[in-house]
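In case you want the letters, here they are:
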Amino acid sequence: MNFFLDNTLQGTLPELQRGSQHNLHGRWLGEGLMELTPNTGYRESVIISAGIHGNETAPIELLDHIVRDLLNGVLPLRVRLMVILGNPPAMRAGKRYLTTDMNRMFGGRYKTFPSSYETERVRRVEAVMTAFWSANVPMKSGSRFHYDLHTAIKGSHLPRFGLLPFQNRPYHPELLKRLEAAELDALVMHQQPGSTFSNFSSEQFLAESCTLELGKVNPFGKNKLSDFRAIDRVLRAHLGSLPFPHRSQPPVRLFRVDRTIIKYTDDFQLSVPSDTLNFTGFEKGTLLCQQNGIEYRVENDQEWILFPNPGVQTGLRAGLMLTELNRWDRPVT
Ligand SMILES: [Zn+2]
């Protein structure tokens, strides 16, 4: 069971697909899918996923190290845990995805896309996750957590940030405490439901979930894992019920999504350079993009851009525009 990532990268099965060691019980549930249950009982169920985008290697390596340490007994396990490597063929190919971005397909939306590896994989991952959340632990606030780990394609003024799914209920204080301890530079709150993996677990299963963007994409073996030390320590503290590290960075900055820029037509033109860094600020009136004869401009005194990408397929998100909040409730401007 020890070589979760090796087996997944080689497309092989582990010799032993279930077993007990070091006070936990492990089950291999399919390629890149594994469940670990402590023998001594637990109060929380946690999912950690990485590789939903196959070329985002640092979180995949980080997760693999955590799994090794759990299986070797170096790290104690005090929660029921599922680990998910999202897109193994894309990981092997060093690509973000083979046909379509998985993180646009969750919540059953895969049914609306042409059939591909990714549509089948999202169906499978949703089924495995549903079975996991449905077992044992009652659906109550603070008993389920999901961390979906990513790295960003482009550079960022704020390199480490979390995206919180839209929720009608408040974000759980334990989750926020952990994200602050992970030394994130910013948290971005969605204002409407979306198609991401973290939205799926929050919306369908009331999990306390977050998409984490932890730095920049690099090939396997080219990551400085020391850059990921803070999130690594927080995840390990959560799994092992160990004390959380104290934040040493300035307070996390809070943003909300003000608008989603959708590419509706093929004549879509981004009016800011396509290599604009994430969290670049723009003043009111700045032209952002144009399509079908319509201009889109900054509407608030100051807005920040996230994930600008004019190359997406028509109908998909070409960027997000954010406004900053001064704490958990009040807009800055
Ligand atoms: Zn990603």
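Residues numbered from 1 in each chain as written. Predicted model: local features only at pLDDT ≥ 70, side-chain atom pairs only at ≥ 80, totals over all residues. Heavy atoms only, no water.

## Side note on the overall build of the chain
- What the chain contains, in helices and strands, is seven helices and 16 strands.
- Computed over the C-alpha atoms, the radius of gyration of the chain is 20 Å, within 12% of the 20 Å expected from 2.2 N^0.38 for a compact globule of 333 residues.
- Accessible surface for the chain amounts to roughly 14500 Å². Of this, 49% is attributable to carbon and sulfur atoms. (Helix = DSSP H or I, 4+ residues; strand = E, 2+ residues; numbered from the N terminus. Rg over C-alpha atoms; globule rule 2.2 N^0.38 Å. Areas by Shrake-Rupley, 256 points an atom, 1.4 Å probe, with all protein chains shown as cover.)

## Quick look at the coordination of the zinc ion
- Every protein donor of the zinc ion is accounted for by His53 (ND1), Glu56 (OE), Glu56 (OE) and His150 (ND1), and the metal-donor separations fall at 2.0 to 2.3 Å.
- Around the zinc ion, the four donor atoms sit at angles spanning 59 to 147°, and that spread fits a shape best called irregular.
- Along the chain, the residues donating to the zinc ion are arranged with the sequence spacing H-x2-E-x93-H. Here histidine 53, found in the loop between β4 (45-50) and α2 (57-71), pairs with histidine 150, found in strand β6 (residues 144-152); they are 97 residues apart in sequence, far enough to count as distant.
- For histidine 53, a relative accessible area of 4% gives the class buried. (Donors = N, O, S within 2.8 Å, 3.2 Å for Na, K, Ca; no water. Tetrahedral: all angles 85-135°; square planar, octahedral: opposite > 155°, others 65-115°. Buried < 20%, exposed > 50% of the residue type's maximum accessible area, 1.4 Å probe, protein only.)

## Topic: the pattern of salt bridges
- Under the counting rule described, the total for this entry stands at 15 salt bridges.
- Between glutamate 56 and arginine 96 there is a salt bridge whose closest N-O contact spans 3.2 Å. Residue glutamate 56 is found in the loop between β4 and α2, and its partner arginine 96 is found in the loop between α3 (88-93) and α4 (117-134); the two are separated by 40 residues along the sequence.
- Overall, the relative accessible area of 2% leaves glutamate 56 in the buried class. (Salt bridge = Lys/Arg side-chain N within 4 Å of Asp/Glu carboxyl O.)

## Considering the sheet that holds strand β14 (residues 294-297)
- Spatially, three strands are ordered β11-β13-β14 in an open sheet, and the strand pairing comes out antiparallel. One side of each edge strand has no neighbouring strand; the edge strands of this open sheet are β11 (269-270) and β14.
- The sheet contact formed by strand β13 (residues 287-291) and β14 spans four bridges and is antiparallel. Looking at the pairing, leucine 287 lines up with arginine 297 of β14. (Pairing = 2+ DSSP bridges.)

## Quick look at the packing of aromatic side chains
- Inspection of every chain in the model, using the stated rule, returns nine aromatic pairs.
- Note on phenylalanine 106 and phenylalanine 200: the rings are 6.2 Å apart at their centroids and 35° apart in plane angle, and the pair reads as tilted. Separated by 94 residues along the polypeptide, phenylalanine 106 in the loop between α3 and α4 and phenylalanine 200 in helix α6 (residues 197-205) bring together distant segments of the chain. The same class applies to phenylalanine 106 and to phenylalanine 200, which are both buried.
- Seen in terms of ring centroids, tryptophan 133 and phenylalanine 205 are 6.5 Å apart; in terms of plane orientation they differ by 35°. Their pairing is tilted. Pair noted here: tryptophan 133 is in helix α4 and phenylalanine 205 is in helix α6, with a separation of 72 residues, a long-range link. (Phe/Tyr/Trp six-rings, centres within 6.5 Å; stacked < 30°, edge-to-face > 60°.)

## Some remarks on the pairing of strand β15 (residues 302-306)
- For β15, the tally of buried residues reaches four of five residues, placing the bulk of the element in the interior.
- Both strand β12 (residues 280-283) and β15 contribute to a ladder of four bridges, which runs antiparallel. Bridging from a neighbouring strand, phenylalanine 282 pairs with glutamate 303 of β15.
- Where β15 lies against strand β16 (residues 317-325), three bridges are found, and the strand directions are antiparallel. Residue pairing for β16: tryptophan 304 is matched across the bridge by leucine 322.

## Side note on the packing of α2 against helix α7 (residues 229-240)
- α7 packs onto α2 with a crossing angle of 35° between their chain directions and a minimal axis gap of 11 Å. In the packing of α2 onto α7, the handedness of the crossing is right-handed. Residues Leu62, His65, Ile66, Asp69 and Leu70 of α2 form the contact with α7, whose participating residues are Ile231, Asp232, Leu235, Arg236 and Leu239.
- Its residues assigned to classes, the contact of α2 with α7 shows six nonpolar, one polar and three charged. (Axes fitted to C-alpha atoms, helices over the stretch in contact; angles between N-to-C directions. Left-handed = near helix turned anticlockwise from the far one by under 90°. Contact = heavy atoms within 4.5 Å. Nonpolar A, V, L, I, M, F, W, Y, C, P; charged D, E, K, R; others polar.)

## Description of the packing of α4 against α6
- At a closest axis distance of 12 Å, the pairing of α4 and α6 adopts a crossing angle of 40°. By the angle between their directions, the pair α4 and α6 is classed as oblique. Classified by chirality, the crossing of α6 by α4 is right-handed. Residues Val125, Glu126, Met129, Thr130 and Trp133 of α4 form the contact with α6, whose participating residues are Phe197, Phe200, Ser201 and Phe205. (Parallel < 35°, antiparallel > 145°, perpendicular 65-115°, else oblique.)

## Focus: the domain arrangement of the chain
- Domain boundaries in the chain define domain 1 (4-240) and domain 2 (259-322).
- Relative placement of domain 1 and domain 2: their C-alpha centres are 29 Å apart.
- Each side of the interface is counted separately: domain 1 has 15 residues, and domain 2 has 16 residues.
- Between domain 1 and domain 2, roughly 1200 Å² of surface is buried when both sides are summed, and carbon and sulfur atoms account for 65% of that area.
- Joining domain 1 to domain 2, the criterion identifies zero salt bridges.
- In this assembly, domain 1 and domain 2 are joined by three residue pairs in polar contact (both at pLDDT 80 or more). (Domains from an automatic or database assignment. Buried area = accessible area lost by both parts, 1.4 Å probe. Polar contact = N/O pair within 3.5 Å; in protein donor to acceptor, adjacent residues only side chain to side chain.)

## Regarding the pairing of strand β3 (residues 33-38)
- Most of β3 sits inside the fold, with six of its six residues counted as buried.
- Side chains Leu33, Glu35 and Thr37 project from β3 onto one buried face, and the interleaved Met34, Leu36 and Pro38 project onto a second face that is buried too.
- Where strand β2 (residues 24-30) and β3 come together, six bridges link them in antiparallel fashion. From the neighbouring strand, arginine 27 faces β3, where its bridge partner is glutamate 35.
- Counted between consecutive antiparallel strands, the loop separating β2 from β3 contains two residues, among which glycine 32 sits at a positive phi close to 70°.
- Sheet topology note: the β3/strand β5 (residues 80-85) ladder contains four bridges and is antiparallel. Along β5, the bridge assignment pairs methionine 34 with valine 83.

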